[in-house]
Amino acid sequence: MKAAIYRRFGPPDVVKIEEVPKPTPKPNEVLIRIHAASVSIADHRLRAKDLPEGLGFFGPLALGVFRPRKKLLGMDGAGVVEAIGDKVTKFQPGDEVYFLPGASFGCHAEYIAMAETDFIALKPKNLSFAEATSLLFGGSTSLNYLRRKPVKPGDEVLVNGASGSCGNAAVQLAKHMGATVTGVCSAKNADLVPSLGADHVIDYAVEDFATSGKTYDAIVECVGNAPFERVNNAIKPGGALLIIIPNLKAILFSKRRSRKTGKLITAADWKATVEDLEYLAKLAEEGVLKPVIDSIYPLEDIVKAHARVDTGHKVGNVIVTMEHD
Ligand SMILES: NC(=O)c1ccc[n+]([C@@H]2O[C@H](COP(=O)([O-])OP(=O)(O)OC[C@H]3O[C@@H](n4cnc5c(N)ncnc54)[C@H](OP(=O)(O)O)[C@@H]3O)[C@@H](O)[C@H]2O)c1
């Protein structure tokens, strides 16, 4: 099968399309024919060895010292179950599914084998494969972070980076939870973000939300420029800073700061659940959660897809699609 492999860290063109063995499902696994997968900022981080501030020291341990540990990227995908192992009961060949191997990666290829108990769910029926996979990276992340500070109707939630993969989902999910949502984005996305449900938009080039005097019940930080010390005054007493993009300082000091300030500062790691995927599919089918796609490339053009992600200015999700006979 074709797969996008990178054998050294570097710019987008280190990723090459190679022929690799098609996986054979074990008794507890399903073999999925992948039709679409996203190229996310996580793929960029592994490929370019570009980690958030302070985490560079740990990079080689996680990513590989001289060569990448994971040579095949892609955290999420959507496709069709092609074959199942003897012990599989949950899925049938022909099922249209979407899936999130997450840190196990492996979706930038024509096929993947996953245990039936992994993060696989039926794809939202109303969406294409490309649209379905676009919900997973940002949707599962934002859902998890927003649940840490349950949003009540009428709460004020600000999403910093509202046009990105995590941000667009955070806007939609916070709105669905009943919040009044403010999205921080650039002028070029000032129409998109309200269309996702944001009540207010702040152009980050014009206004600094941290010093405007307005306060929020929760700030969802998806950019990397809103540490607690900068945005503390914009968080209401008892409010929360949900740091989707934590640096080393945030990881080390969030709990202590939370205890001292009475504000929830959360930067901890998380894992999706199958129920999350099913819930996101349900929201999509109800029209609550809309896919936001920046661009779609054939797998053969994976270098272009990585280059687009590298700009830091994609709108929602960059997708690669796989042609099958
Ligand atoms: N903790 C976790 O498990 C986890 C999971 C997923 C992601 N993350 C991290 O979360 C971060 C966000 O991921 P993502 O996938 O959402 O990134 P993304 O899609 O690449 O974000 C790109 C968006 O950020 C916007 N942006 C850039 N500078 C901005 C600024 N100063 N203010 C507001 N918006 C700005 C861009 O809008 P313009 O083009 O208009 O500037 C663009 O639409 C990444 O650093 C990622 O590593 C962490």
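Residues numbered from 1 in each chain as written. Predicted model: local features only at pLDDT ≥ 70, side-chain atom pairs only at ≥ 80, totals over all residues. Heavy atoms only, no water.

Colleague: What's the story with a nonpolar patch on the surface in this structure? I'm lost.
Modeller: Judged by side-chain polarity, F57, F58 and L61 come together as a nonpolar surface patch covering roughly 370 Å² of accessible area. Positionally, F57 belongs in the loop between α1 (41–48) and α2 (59–63). (Patch = residues over 30% accessible without salt bridge, like charges linked within 9 Å, V, L, I, M, F, W, Y side chains within 5 Å. Areas by Shrake-Rupley, 256 points an atom, 1.4 Å probe, with all protein chains shown as cover. Salt bridge = Lys/Arg side-chain N within 4 Å of Asp/Glu carboxyl O. Helix = DSSP H or I, 4+ residues; strand = E, 2+ residues; numbered from the N terminus.)

Colleague: I would appreciate a short explanation of the pairing of strand β9 (residues 180–185) in the present structure.
Modeller: When a strand is regular, its side chains alternate between the sheet's two faces. With five of six residues buried, β9 is to be regarded as a mostly interior element. Alignment of strand β8 (residues 156–160) against β9, held across five bridges, turns out to be parallel. For L158, the partnering residue across the bridge sits in β9 and is T182. Strand direction decides the pairing type here: β9 and strand β10 (residues 200–203), joined by four bridges, are parallel. Each bridged residue has a counterpart across the sheet, and for G183 the counterpart in β10 is V201. (Buried < 20%, exposed > 50% of the residue type's maximum accessible area, 1.4 Å probe, protein only. Pairing = 2+ DSSP bridges.)

Colleague: Explain the pattern of salt bridges here, please?
Modeller: Any two side chains of opposite charge can pair, on the condition that their charged atoms come close. A complete count under the given rule lists 18 salt bridges for this structure. Linking K22 and E82 is a salt bridge whose minimum nitrogen-to-oxygen distance equals 3.0 Å. Placement of the pair is K22 in the loop between β2 (15–19) and β3 (29–39) and E82 in strand β4 (residues 77–84), with a sequence separation of 60 residues. Of the residues examined, K22 reaches a relative accessible area of 39% and is grouped as partly exposed. On the basis of relative accessibility, which here comes to 28%, the residue E82 falls in the partly exposed class. D199 is paired through a salt bridge with K175; the nearest N and O atoms lie 2.8 Å apart. Within this pair, whereas D199 is found in the loop between α6 (192–195) and β10, its partner K175 is found in helix α5 (residues 165–176), the two being separated by 24 residues in sequence. Of the residues examined, D199 reaches a relative accessible area of 38% and is grouped as partly exposed.

Colleague: Can you help me understand the domain arrangement of the chain in this one?
Modeller: How big an interface is tends to be expressed through the accessible area that disappears when the partners come together. Here the chain is partitioned into domain 1 (2–134 + 291–321) and domain 2 (137–266). A separation of 27 Å is found between the C-alpha centroids of domain 1 and domain 2. Counting each side, the surface lost to burial between domain 1 and domain 2 is near 1200 Å², with a carbon and sulfur contribution of 61%. The interface formed by domain 1 and domain 2 includes zero salt bridges. At the boundary of domain 1 and domain 2, one finds three residue pairs in polar contact (both at pLDDT 80 or more). Per-element tally for the side of domain 1 that touches domain 2: the top contributor is α1, with three residues. In the side of domain 1 that touches domain 2, the residues fall into nine nonpolar, six polar and four charged. (Domains from an automatic or database assignment. Buried area = accessible area lost by both parts, 1.4 Å probe. Polar contact = N/O pair within 3.5 Å; in protein donor to acceptor, adjacent residues only side chain to side chain. Nonpolar A, V, L, I, M, F, W, Y, C, P; charged D, E, K, R; others polar.)

Colleague: Just to check I follow, could you spell out the site of the ligand for this structure?
Modeller: Around the ligand, the surrounding shell holds 26 residues, and the nearest of these are S163, S186, Y204, W270 and K314. K188 is positioned such that a nitrogen or oxygen atom in its side chain is 2.7 Å from an oxygen atom of the ligand. Burial of the ligand by the surrounding chains reaches 88%, relative to a free accessible area of 940 Å². Those elements that place two or more of their residues in the shell around the ligand are α1, α4 (136–148) and α5. With three residues, the single largest contributor to the shell around the ligand is α4. Residue composition of the shell around the ligand, grouped by class: eleven nonpolar, twelve polar and three charged. (Near = heavy atom within 4 Å.)

Colleague: It is not clear to me how helix α9 (residues 274–285) should be interpreted in this structure. Could you clarify?
Modeller: Every α-helix carries 3.6 residues per turn, so stepping three or four residues along brings you back to the same face. Its twelve residues place the ends of α9 17 Å apart at the C-alpha level, agreeing with the 16 Å of an ideal helix rising 1.5 Å per residue. Taken together, the buried positions of α9 are V274, D276, L277, L280, A281, L283 and A284. Buried residues along α9 sit against β5 (96–99), β7 (120–122), α4 and α5. In the stretch just after α9, G287 is the one whose phi turns positive, near 80°. (Expected span 1.5 Å × (residues − 1). Contact = heavy atoms within 4.5 Å.)

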